[in-house]
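Now for the letters of each chain:
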Amino acid sequence: MPVRASRFSNPRLMSVIVSAAGPVSNFLLGVLSFFLLFLLYRFGLVDGASDGVRAAIETFFGYFIHFNFLLFVFNLIPLPPLDGYRIVMEFLPLNLRFKIEQHAQWGVIIFLLLVFIPPLRAVTIGPILGWTENITLFVGKLVSFVI
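Keep in mind it's a predicted model, so treat the numbers as computed, not measured.

Remarks on unusual backbone geometry
A cis geometry characterises the amide bond from Pro80 onward to Pro81, with omega recorded as 10°. Tracing the sequence through the fold places Pro81 in the loop between α2 (51-75) and α3 (83-91).

What follows is the structure, encoded as structure tokens:
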């Protein structure tokens, strides 16, 4: 979503906040879904359900949690047009920022090459997206501890 940072009273800070809103909302949706799933089982709301209904609930929440954590990690990759790029750019000195911005149009092509060429994906984006599993396990353990 295009945003005119110049309209904010503190453009650099607000640009970071706006860019981080998407990944943070994905993370919070994943955590909230874990809480909801654990509460469904904790209070026995699925005890009387058939095996098919239980399987459907677990499948839905499993995919929902996984995709939200995947989107959280994915959007923080510092390549244009992703949010991670905008966040990193706000912390760079202006002279370096202008130099990088001159080559930003190549970011989409580089990103597509990293995604669609398996050997490149295996050493770049693949390991980063692998963090999704670790985040999911950590949040699941944390939520089960809290509940």
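Next comes the rest of the write-up.
Some thoughts on the pattern of salt bridges
Applying the stated criterion across every chain, the model contains four salt bridges. Of the charged contacts in the structure, one is a salt bridge between Asp51 and Arg54, with a shortest N-O distance of 3.7 Å. Of this pair, Asp51 and Arg54 both sit in helix α2, three residues apart, roughly one helical turn. A salt bridge links Asp83 to Arg86, with the shortest nitrogen-to-oxygen separation between them at 3.5 Å. Remark: Arg86 and Asp83 occur in helix α3; sequence separation between them is three residues, near one turn of the helix. Where salt bridges share partners, they join Arg12, Glu90 and Arg97 into one cluster.

About the cut-offs
Residues numbered from 1 in each chain as written. Predicted model: local features only at pLDDT ≥ 70, side-chain atom pairs only at ≥ 80, totals over all residues. Heavy atoms only, no water. Helix = DSSP H or I, 4+ residues; strand = E, 2+ residues; numbered from the N terminus. Salt bridge = Lys/Arg side-chain N within 4 Å of Asp/Glu carboxyl O.

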